[in-house]
Amino acid sequence: MKNDNKLSIWEKYLTKEIGIEFKACLYFFVILFFYCVYRLCNGVHSAEILHLAVMIFTCYIIGYIQVYFFDNFDEADKLGKKEIAGIFVCTMLYCLVSYFGNWFDKSIAITALLGLYLLITYVCVFFIYKSKREIDDKQLNEELRLFQTEHKKSE
């Protein structure tokens, strides 16, 4: 008999893939915003399609690295050594790709600014996920309490 309460391998895989998809979109938007502000500040009102393609591809690859090598550090319960290492490794990868991909005209200062921006973003996303989990826990506990109250009434 199948245990319906236990996640299947497919469901676990699908959950990770959806998380990676979400991360790719989130971090692509974050980097795209930075890129667009940089371009506008330099009087350029268009984006390089090749830059955008490399950005989204990079976001997917780094999403896989986050999930499979650094245990999904932005969704962790605490920021330990492994999570902080993951944040720095992924930030450095973004910076390297942006520099060698010439997203910011190979400016070391702007690349460093991107790195700082991404570090702050990772920390913010960590706290957002943590807050969401706490709110979800409260909501589930309240629903459980209501269910138990209703169940006792019906007995």
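Provided above is the structure to which this section pertains.
Chemist: How would you sum up the pattern of salt bridges? Please name residues and give values.
Modeler: Tallying each qualifying case throughout the model produces eight salt bridges. Close ionic contact of K82 with D71 constitutes a salt bridge, the shortest N to O distance being 2.9 Å. Linking K82 in helix 3 (residues 81-100) with D71 in the loop between helix 2 (49-68) and helix 3, this pair joins segments that are 11 residues apart in sequence. Owing to a relative accessible area of 40%, K82 belongs among the partly exposed residues under this scheme. The closest approach of N and O atoms between D77 and R133, which form a salt bridge, is 3.5 Å. Placement of the pair is D77 in the loop between helix 2 and helix 3 and R133 in helix 4 (residues 108-154), with a sequence separation of 56 residues. Overall, D77 belongs to the exposed group, its relative accessible area being 59%. Since its relative accessible area comes to 26%, R133 is described here as partly exposed. Bridged by salt links that share partners, the residues K23, D74 and E75 form one connected network.

Chemist: Lay out helix 2 in plain terms, naming residues and giving numbers.
Modeler: Counted at 1.5 Å a residue, the expected span for helix 2 with its 20 residues is 28 Å, and the 29 Å between its end C-alpha atoms agrees. H51, M55, T58, C59, I62, G63, I65, Q66 and V67 are the residues of helix 2 that are buried. Each element contacted by the buried residues of helix 2 is listed here: helix 1 (9-41), helix 3 and helix 4.

Chemist: Describe in detail a nonpolar patch on the surface, supporting the description with residues and values.
Modeler: A contiguous nonpolar patch, built from W10, Y13, L14, I18, Y64, Y68 and F69 and spanning about 760 Å² of accessible area, is present on the exposed surface. A total of four residues in the nonpolar patch trace back to one element, the largest contributor, which is helix 1. The exposed category is assigned to F69, whose relative accessible area is 59%.

Chemist: Which residues make up the state of the cysteines, and what values do they have?
Modeler: Applying the stated criterion across every chain yields a total of zero disulfides. In this model C25 remains outside any disulfide bridge; the closest cysteine sulfur is found in C59, 8.9 Å from its own. Free cysteine: C90, not disulfide-bonded; nearest cysteine sulfur from C59 at 11 Å.

Reading guide: rules and limits
- Residues numbered from 1 in each chain as written.
- Predicted model: local features only at pLDDT ≥ 70, side-chain atom pairs only at ≥ 80, totals over all residues.
- Heavy atoms only, no water.
- Salt bridge = Lys/Arg side-chain N within 4 Å of Asp/Glu carboxyl O.
- Helix = DSSP H or I, 4+ residues; strand = E, 2+ residues; numbered from the N terminus.
- Buried < 20%, exposed > 50% of the residue type's maximum accessible area, 1.4 Å probe, protein only.
- Expected span 1.5 Å × (residues − 1).
- Contact = heavy atoms within 4.5 Å.
- Patch = residues over 30% accessible without salt bridge, like charges linked within 9 Å, V, L, I, M, F, W, Y side chains within 5 Å.
- Areas by Shrake-Rupley, 256 points an atom, 1.4 Å probe, with all protein chains shown as cover.
- Disulfide = S-S within 2.5 Å.

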